[in-house]
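Spelled out from the first residue to the last, the chains are:
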Amino acid sequence: MLSGPSPNVTRELTESPDEALYKLFLEPGQTELPAKRVTERFRAAGILSDDPRAKEIFERLEAEKHAGSSLSLGGFIELFALNPSLFRRVAEDSLAIPDWDELCRSIGKIFHETAKVTEGKVAAYIPELARVPASKFGLSVCSVDGQRMRFGDAKDLFSIQSISKTVSYCLASEELGAESVHTHIGREPSGDSFNAITLDSRQRPHNPMINAGAIVSCSLIKSGQSASERFAHVFDTWRRLTAGGDVSFNNTVFLSERDSADRNFALAYFLRENAAFPKNTGISATLDFYFQCCSVEMTCDSMAIAAATLANGGVNPLTNERVFSIDTVKNCLSLMHSCGMYDFSGEFAFLIGVPAKSGVGGGIMVVVPEVLGCCVWSPPLDEHGNSVRGIEFCKSLMSKYSFHNFDIVSGAEGEKTDPTRRKVSVGNARIVDLCWAAAKGDTKEIQRLVASGAKINGADYDGRTALHIAASEGQAASVQYILQNGGNRDAKDRWGNTPLDDAKRSGNRGVVEFFENIQG
Ligand code: GLU
């Protein structure tokens, strides 16, 4: 029998929201909150101590930890006030990936498996790149809520090379508008290698993700400004994309590339011959700018934040700053999807199914829109110029998680995991759908839901199954279908009632008889 609320419930109803949140951080049985427990919860949620949103929170927690003290409710409230929304989302596990810890464990396994792959050759056509140890292997992931993880050499700087083409294209588009940019550069995969001397039927480079297109993008960026201003603009953009993370410039790589750039010079003259550049474009200034963009260095950590900014529609998840407009990001991701992986772009779109861009330095920037960005770096390359381990990692990641663009068509039948889903919510949503279909007597819908994985005897919070509901509502055809397909006639709801009890109570004789006939 349901009586009035117990004294316990009354106390909980009158506790303040801050107290309720304080309790969410406590372990079962704990009454006081150790500072270290809050730190652990933040880390487990993927919020790292160098996160600009949480820096002060971590500093204060560190001081409390050294004082060996527990956090009083007052101290907790002060801490909470530093970033209430982040605090709340950590406490409620409601960041983009609710179980970040689990994702870390599983991606960590994939990373260590991938480390066993030893094929590929480090790029040597830019002599300076050949000096990077083949054994380097790093990986970082950043969600659209700024949850981060890293493995291996994720804090080593590497040469971003062709990954720079993404930002050059975005900057040209932001400045001139996509339409104007695409009067100079096409949007079609070339089907040729990244440095091929070829143009489309309108005398434009095929797309901005190959050398010819990227050289033209560079010619468009701040064309009236000095070389230093133009490079500062690109550099500053990478810094904003990475929340001030590690971004630097490697002059040795720049000089080495410039000294061995016959192909890119040939390309630039070919572009000029075909009037592919805007008027008054200087060849050596444009090429220098292009080589400088390729000679930017970043870490997997910083590149993953840039990738997450693209995944987040152009807003950096750590600073909340909008770096690129939604349209620019959408266009860039479309081109990464169709042209970002050299002559393997079609295969990559087919097998992996997300936008990505690789560079001959061995880095790959991968974007899972609205979920996360990641960067994997391992210098040995395959015959297409893509990192061998990078591709292997992507394949394994996509075989486990439903990140492929078209995984959506497998719906509930898919065997892959969607890490953005709260574990309980998936099943619950289906039970609710099933109960609604049963209430309406929509047997076709019940059939469809069951075929796509809904549990026919799944019960709601009150222990009510679809059979209880169909029986209560007198939906004979649905009752019949459920009973014939494994529905449990003895299921008891929280009040101890079976579906037959419900049928009797609703006074629907037809359904009662139906139950009895089937039982008999
Ligand atoms: N700077 C390199 C070049 O133009 C980029 C190569 C790449 O990463 O695809 O040759």
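Refer to the structure above for everything that follows.
Structural notes, computed from the coordinates. (Residues numbered from 1 in each chain as written. Predicted model: local features only at pLDDT ≥ 70, side-chain atom pairs only at ≥ 80, totals over all residues. Heavy atoms only, no water.)

**A look at the overall build of the chain**
Line of reasoning, step 1. When its secondary structure is counted, the chain shows 24 helices and ten strands.
Line of reasoning, step 2. Projected onto its principal axes, the C-alpha positions of the chain cover 90 × 60 × 45 Å.
Line of reasoning, step 3. Across the 520 residues that make up the chain, the buried fraction comes to 51%.
Line of reasoning, step 4. The contacts in the chain between residues at least 6 apart in sequence include a share of 67% that link residues at least 24 apart.
Line of reasoning, step 5. For the chain, the accessible area works out to roughly 23600 Å², and carbon and sulfur atoms hold 50% of it.
Line of reasoning, step 6. Averaging the positions of the 55 positive and the 65 negative side-chain charges in the chain gives two centres separated by 1 Å. (Helix = DSSP H or I, 4+ residues; strand = E, 2+ residues; numbered from the N terminus. Buried < 20%, exposed > 50% of the residue type's maximum accessible area, 1.4 Å probe, protein only. Contact = heavy atoms within 4.5 Å. Areas by Shrake-Rupley, 256 points an atom, 1.4 Å probe, with all protein chains shown as cover. Lys, Arg positive; Asp, Glu negative; His and termini not counted. Charge placed at Lys NZ, Arg CZ, Asp CG, Glu CD.)

**Some details on the pattern of salt bridges**
Line of reasoning, step 1. Overall, the coordinates contain 24 salt bridges when judged by the stated rule.
Line of reasoning, step 2. One network of salt bridges, with partners in common, ties together Arg464, Asp493, Asp502 and Arg505. (Salt bridge = Lys/Arg side-chain N within 4 Å of Asp/Glu carboxyl O.)

**Looking at the packing of aromatic side chains**
Line of reasoning, step 1. Across all of its chains, the model carries 18 aromatic pairs by this definition.
Line of reasoning, step 2. Judged by centre distance (5.8 Å) and plane angle (75°), the ring pair of Phe80 and Phe87 falls under edge-to-face.
Line of reasoning, step 3. Note on Phe80: relative accessible area 10%, which makes it buried.
Line of reasoning, step 4. A ring pair is formed by Phe249 and Phe254, whose centres lie 5.9 Å apart and whose planes are at 50°; its orientation type is tilted. (Phe/Tyr/Trp six-rings, centres within 6.5 Å; stacked < 30°, edge-to-face > 60°.)

**What to know about the sheet that holds strand S9 (residues 363-368)**
Line of reasoning, step 1. As summarised here, the arrangement of the five strands in space is S4-S3-S10-S9-S8, forming an open sheet in which the pairing is antiparallel. Unpaired on one side and paired on the other, strand S4 (148-152) and strand S8 (356-358) mark the two borders of the sheet. If you compare each strand with its neighbour and ignore which way they point, the axes differ by 10° on average.
Line of reasoning, step 2. Pairing between strand S3 (residues 138-143) and strand S10 (residues 372-377): six bridges, direction antiparallel. Within the sheet, the bridge partner assigned to Ser143 lies in S10 and is Leu372. (Pairing = 2+ DSSP bridges. Axes fitted to C-alpha atoms, helices over the stretch in contact; angles between N-to-C directions.)

**A look at the site of the ligand**
Line of reasoning, step 1. Near the ligand there are 13 residues, and of these Tyr125, Ser162, Glu257, Tyr290 and Tyr342 occur at the shortest range.
Line of reasoning, step 2. Between the ligand and Tyr125, the relevant distance is 2.8 Å, taken from an oxygen atom to a side-chain nitrogen or oxygen of the residue.
Line of reasoning, step 3. Between the ligand and Tyr342 there is a distance of 2.5 Å, counted from an oxygen atom to a side-chain nitrogen or oxygen. (Near = heavy atom within 4 Å. Polar contact = N/O pair within 3.5 Å; in protein donor to acceptor, adjacent residues only side chain to side chain.)

**Digging into the packing of helix H8 (residues 164-176) against helix H11 (residues 227-241)**
Line of reasoning, step 1. Where H8 contacts H11, the two axes come as close as 11 Å, and the packing angle between them is 105°. Comparing their axes, H11 and H8 come out roughly perpendicular. When H8 is examined against H11, the residues Ser164, Thr166, Val167 and Leu171 are found in contact with a partner set consisting of His233, Val234, Thr237, Trp238 and Leu241.
Line of reasoning, step 2. Taken together, the residues of the contact of H8 with H11 break down into five nonpolar, four polar and no charged. (Parallel < 35°, antiparallel > 145°, perpendicular 65-115°, else oblique. Nonpolar A, V, L, I, M, F, W, Y, C, P; charged D, E, K, R; others polar.)

Everything listed is a geometric property; what it means functionally is a separate question.
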